[in-house]
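In case you want the letters, here they are:
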Amino acid sequence: MAEPGLLRSRLALAWLVLGEWRWHPGRFAATAVAIAVGVALGFAVHLVNGSALASFEQAVTGVNGAADLQIRARTPLGFDERLYPRVVTTAGVADASPVVSLPARAGSGRFTLLGLDVIRAAAVTPSLVGTRPSGPDARSDDVFADDALFLTRAAMTATGVRMGERVTVTANGRSANLVVAGTLPGAPEDQALGTIDIAAAQWRFGRLGRIDRLDLKLGDRAAAERALPASLGADANIVSGESQARQGDVLSRAYRVNLDMLALVALLTGGFLVFSAQTLSVARRLRAFALVRTLGLPRSGIVAAVALEGVIIGVVGAALGLAAGYAMAAAALRLFGGDLGGGYFAGGTTHVVFQRAAAAGFFTLGLAAALLGSVIPARTASRAAPAAALRNAGDVLDPRAPVPWHPALLLLLAGTATAFLPAVGGLPVFGFVSMALLLAGGVAGVPWLVRSLLSPWRGRDFASVPRLLAIRHVQGAPGQAAIALCGIVASTALMIAMATMVTSFRGAVDGWLGQVLSADLYLRAESGDLDEAVQRRIAAVRGIRSVAFSRQLPLTIAADRPPVTLIARPVRGDAGDPLLVLIDRAPVPARATPVWVSEPAARLYGWSPGRSVILPVGGQPIRFTVAGVWRDYARQQGALVIRDVDYLRLTGDRGRDEAAITLAPGSDLATVRRATAALLPAGVSVAEPATLRRFALDLFDRSFAITYVLEAVAILVGLAGVAATMSAQTIARSKEFGMLRHLGLTRGQITAMLASEGALLGLIGAVAGVALGALLGQVLIHVVNPQSFNWTMTTIWPFGTIAGVTAALTGAAAATAMVAGRRATAADAVAAVREDW
């Protein structure tokens, strides 16, 4: 049974905690909301990412028909259909289904058109032909008709066609008139797919002798995987469901991880806000805690009571955050899509997929942030001697005592050293660790910074008494200043770092676009090609000095990596080529075939100038020599440029899908554009450089829209932390204000003093945050960004953002202090100091 004194102390402590909640509900609500915001953002981003990947895997399964294994073409040119009999007779292969796969357009929408051998597909991938023995949802004699088209419900909705209706389908630059003969009941209803007979697909859409993939049904997987590589040419590779899932994961992994890290910024800031609020709450109740200590309560009881407050804050905030995060994820999927504007999973329909493990993880993170923010100040309060605490409720730090700076320096040095460590699994793990260490070091160094900045002003003689008192109070109590500033320094530093990275990236992209968009007009075939006849007619248009035709194809280097972009076009091959912004180059031997690789491709595959590489171009492995590395901000997964004459020699493909037109001097752009557009087939767009540049920058801004949202939330949470901290500090100093009133200061002077203190804290917080943010920004630009997205850039400082944030923080802190000061000085001066009598 507990001793009476201990029981009384516990009852008194419980009453004290409940009274704090009753008298200051707004403080607890603000801290819970801060935790909720951080959990909501992190959980929402994680849900969107997970839902997008699940949708991507479902789409891949829908198009593939869940084959055991696939042989896929490395490029959209396909591979020779004579590979089919070799594969189907390979050891371990039970059956094979040839497929022609083409992006198609009909009516008002797009879908994937599959040419199938219905008999083979029914045995290998029955979901692509339905669950009925006869195949698709139609009469059995319709499936072999050369004009019969079968669509999923999603494809019918996208194209706006109905059952039995005739429709013109365009694919591979050719059009065919087909009839919608039935649906595909076995295919996923939310996937826009269509099927026709494979012979009709090859004949009508210019694919005679070529197929795009072979779906395999295996009898012995191990035997098939051993034997198949010897049967394949260089223009095909083996793909499994697992490798395609890894490809989708690799495609967006760095983007997703970076968004997750940014989303946790708000949670970190919320943890700092809890720390600030609980530290001030503990300081205000220091005498009361000392009293219950004298009644017999051990130190652990104080820690447990304040920790319980943190647990309640964490549970409420994390629960609210999970609910809000789910709602935010649903809204984000509607507004930004499954890639949050990144462009990785465009065109798919994504639904929120609830993830229990993620929910438990973010709930735990929110609870941990609130608990740590409460336990740290509670442990400090529990170590205070009861007798000293009963006599003094203020800051016991001697203003003349030096402020330790060694811990901050060690953290900053450790963070700097960690930034030089390499990526782990293609992710900038140590880059984020470096940022965490630098952030911790910057926050730990705030007391020293406050003392250092204000020490030269402490002995100055100011005509304004409020200003003198403000400087001496902030300089004499750097610990309190650090408590007030830790949240704002963290949020400001992270926001400035992100703003610096985004500004630098956008500036680099803008400058790069200005270099590569050097022609007067650009043509792009959205579907199909510009054949030789069209190319000759375009080149003959009056007013055109030259036309550079090019071909862009996705080229699969590894089955579990996204394809690189193979670009065939005229190349001058020197540093003056306007379309190749070379950052490194090497001489090429006389008989070698040159290739110019983009910076991301060079980083991903280890290709350096002068190195010999083998690429699967033209159905056979060809040895190229890397002639140079060029800057490319458009293709994160890499791009290769070869000369159009080499491409024609290796592939025999004379079609082109893009053209850059340069006008003769004195030619009218509008006239040439109209004349050129009149010669173009359907599906070819014409654009000017300014339009393309504006489109690219708009796409960039959409890609970083979620980043801007996260920045705004982080700074708003930081401002809320300043407001709550200043308000709590001001209310806790009511006795000090009463004494100042006794000494002759007016309420206006005390309010001016508080405004000066707030402005000082806001300005110092802004200076510290900007300096720390500049350092973190360098880690983002030169470590995280290259390791995540494989491209480099130079730093461009966002001076407008820096000035705006500094002014906003200074003004917000001053205004909050003034408002809180009016409340604190409204009481009678005698009543404020009555406890001292």
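Computed from a predicted model, the values in this text were never measured in an experiment.

Cut-offs used in this document
- Residues numbered from 1 in each chain as written.
- Predicted model: local features only at pLDDT ≥ 70, side-chain atom pairs only at ≥ 80, totals over all residues.
- Heavy atoms only, no water.
- Helix = DSSP H or I, 4+ residues; strand = E, 2+ residues; numbered from the N terminus.
- Buried < 20%, exposed > 50% of the residue type's maximum accessible area, 1.4 Å probe, protein only.
- Contact = heavy atoms within 4.5 Å.
- Areas by Shrake-Rupley, 256 points an atom, 1.4 Å probe, with all protein chains shown as cover.
- Phe/Tyr/Trp six-rings, centres within 6.5 Å; stacked < 30°, edge-to-face > 60°.
- Pairing = 2+ DSSP bridges.
- Core = buried A, V, L, I, M, F, W, Y, C linked by side-chain atoms within 4.5 Å.
- Domains from an automatic or database assignment.
- pLDDT = per-residue confidence, 0-100.
- Axes fitted to C-alpha atoms, helices over the stretch in contact; angles between N-to-C directions.
- Parallel < 35°, antiparallel > 145°, perpendicular 65-115°, else oblique.
- Nonpolar A, V, L, I, M, F, W, Y, C, P; charged D, E, K, R; others polar.
- Salt bridge = Lys/Arg side-chain N within 4 Å of Asp/Glu carboxyl O.
- Patch = residues over 30% accessible without salt bridge, like charges linked within 9 Å, V, L, I, M, F, W, Y side chains within 5 Å.
- Arc of directions from axis to C-beta.
- Left-handed = near helix turned anticlockwise from the far one by under 90°.
- Polar contact = N/O pair within 3.5 Å; in protein donor to acceptor, adjacent residues only side chain to side chain.

This paragraph deals with the overall build of the chain. In terms of helices and strands, the chain carries 27 helices and 21 strands. In the chain, which comprises 837 residues, the share counted as buried stands at 51%. For the chain, the share of sequence-separated contacts (at least 6 apart) that also reach a separation of at least 24 residues comes to 81%. Roughly 35,900 Å² of accessible area belongs to the chain as shown, and the carbon and sulfur atoms make up 61% of that amount.

We now examine the packing of aromatic side chains. One pass over the structure, following the stated rule, counts six aromatic pairs. Considering the side-chain rings of Phe-505 and Trp-791, the 5.5 Å spacing of their centres and the 50 degrees angle between planes classify their relative orientation as tilted. A residue pair is termed long-range when its members are at least 10 positions apart, and Phe-505 in helix α17 (residues 478-516) and Trp-791 in the loop between α25 (747-789) and α26 (799-824) qualify at 286 residues. The same class applies to Phe-505 and to Trp-791, which are both buried. Arranged with centres 5.9 Å apart and planes meeting at 85 degrees, the rings of Trp-512 and Tyr-633 form a pair that is edge-to-face. Taken together, the residues Trp-512 in helix α17 and Tyr-633 in the loop between β18 (620-630) and β19 (639-643) connect sequence positions 121 residues apart.

A few words on the pairing of strand β3 (residues 93-106). The buried fraction of β3 amounts to ten of the 14 residues, a majority that puts the element mostly inside the structure. Relative to strand β10 (residues 213-218), β3 runs antiparallel, the two being bridged by six bridges. Residue Ser-97 lies in a different strand from β10, and its bridge partner there is Asp-215. Where β3 hands over to strand β4 (residues 109-116), the hairpin turn is made up of two residues, of which Gly-107 adopts a positive phi near 60 degrees. Bridging between β3 and strand β6 (residues 166-171) involves three bridges; their strand directions are antiparallel. The residue of β6 that forms the bridge with Ala-106 is Val-169.

Right, let's get into the nonpolar core. Membership of the largest hydrophobic core comes to 58 residues, with the highest contact counts inside it found for Met-435, Leu-485, Val-489, Met-501, Phe-505, Tyr-633 and Leu-776. Contributions of two or more residues to this core are made by α14 (429-444), α15 (446-458), α17, α22 (689-703), α25 and α26. At 19 residues, α17 tops the list of elements feeding residues into this core. Two domains each donate at least three residues to this core, and these are domain 2 (466-517 + 690-836) and domain 3 (521-687). Look past the residues within four positions of Val-489 in its chain and what remains in contact with it is Val-443, Val-446, Gly-765, Ala-768, Gly-769 and Leu-772.

The subject of this paragraph is the confidence of the model for the chain. Across the chain, the average pLDDT comes to 78, with 74% of residues at or above 70. Predicted confidence in the chain is weakest over helix α27 (residues 829-832), with a mean pLDDT of 56, and strongest over strand β16 (residues 593-598), with 93. Contacts of residues 131-135 to residues separated by more than four positions or lying in other chains number six contacts, the stretch itself having pLDDT below 50. Contacts for the low-pLDDT stretch residues 393-397, under 50 throughout, to residues beyond four places or in other chains number seven contacts.

Summarising the sheet, strand β5 (residues 148-151) and strand β7 (residues 174-183) pair through four bridges and their orientation is parallel. Directly across from Ala-148, in β7, lies its bridge partner Val-179. What sits between β6 and β7 in their antiparallel hairpin is a turn of two residues, with Asn-172 showing a positive phi close to 55 degrees.

Once that is clear, we can look at the packing of α14 against α25. Between α14 and α25, whose axes approach to 10 Å, the crossing angle comes to 175 degrees. Classified by the angle between their axes, α14 and α25 sit roughly antiparallel to one another. For the pair α14 and α25, the contacting residues are Gly-431, Phe-432, Ser-434, Met-435, Leu-438, Leu-439 and Gly-442 in the first and Leu-772, Leu-775, Leu-776, Val-779, Leu-780, Val-783 and Val-784 in the second. Here the contact of α14 with α25 is composed, by residue class, of eleven nonpolar, three polar and no charged.

With the rule as written, the count across this model stands at 19 salt bridges. In this structure, the salt-bridge partner of Asp-215 is Arg-213, at a minimum N-O distance of 2.8 Å. The class for Asp-215 is buried, based on a relative accessible area of 0%. Taking the shortest distance from any N to any O, the salt bridge between Arg-635 and Asp-632 comes out at 3.0 Å. Each of Arg-551, Asp-653 and Asp-657 takes part in salt bridges that share partners, so that together they form one network.

We now examine the environment of Val-239. Summarising the element assignment, Val-239 is placed in strand β11 (residues 236-239). It is 5.9 Å that separates the C-alpha atoms of Val-239 and Ala-559, two residues lying 320 residues apart in sequence.

All right, on to a nonpolar patch on the surface then. On the surface, Leu-308, Ile-312, Val-316 and Leu-320 cluster together into a nonpolar patch covering about 330 Å² of accessible area. Position of Leu-320 relative to the elements: it lies in helix α10 (residues 299-335).

This part covers the side chain of Asp-653. You can see Asp-653 is positioned in the loop between α20 (644-651) and β20 (658-663). Ignoring any residue separated from it by four or fewer positions in sequence, one finds Asp-653 in contact with Leu-77, Arg-551, Tyr-647 and Leu-648.

Three or more residues of helix α18 (residues 532-539) are buried, namely Val-534, Gln-535 and Ile-538. Down the axis of α18, the buried side of the element spans an arc of 100 degrees, and every buried residue falls inside it. As for α18, its buried residues are in contact with β12 (521-525), β13 (544-555), β20 and α21 (669-677).

Put simply, helix α13 (residues 406-418) and α14 touch, their axes get as near as 8 Å, and they point 165 degrees apart. The orientation of α13 relative to α14 falls into the category roughly antiparallel. As for the relative orientation of α13 and α14, their crossing is left-handed in sense. The segment α13 lies against α14, with Ala-408, Leu-411, Leu-412, Ala-414, Gly-415, Thr-416 and Thr-418 engaging Phe-430, Val-433, Ser-434, Leu-437, Leu-438, Ala-440, Gly-441, Gly-442 and Ala-444. A class-by-class count of the residues in the contact of α13 with α14 yields ten nonpolar, six polar and no charged.

Moving on to the environment of Trp-797. If you trace the backbone, Trp-797 turns up in the loop between α25 and α26. Here Trp-797 is in contact with Thr-500, Ala-774 and Gln-778, once residues within four sequence places are set aside.

With respect to the helices and strands, the residue Glu-688 is situated in the loop between β21 (684-687) and α22. Judged by relative accessible area, Glu-688 falls into the partly exposed class, the value being 27%. In the structure, Glu-688 is positioned 168 residues away from Asp-520 in sequence and 6.3 Å away in space, judged by C-alpha atoms. Engagement of the side chain of Glu-688 in a polar contact is seen with the side chain of Arg-673, the distance being 3.2 Å.

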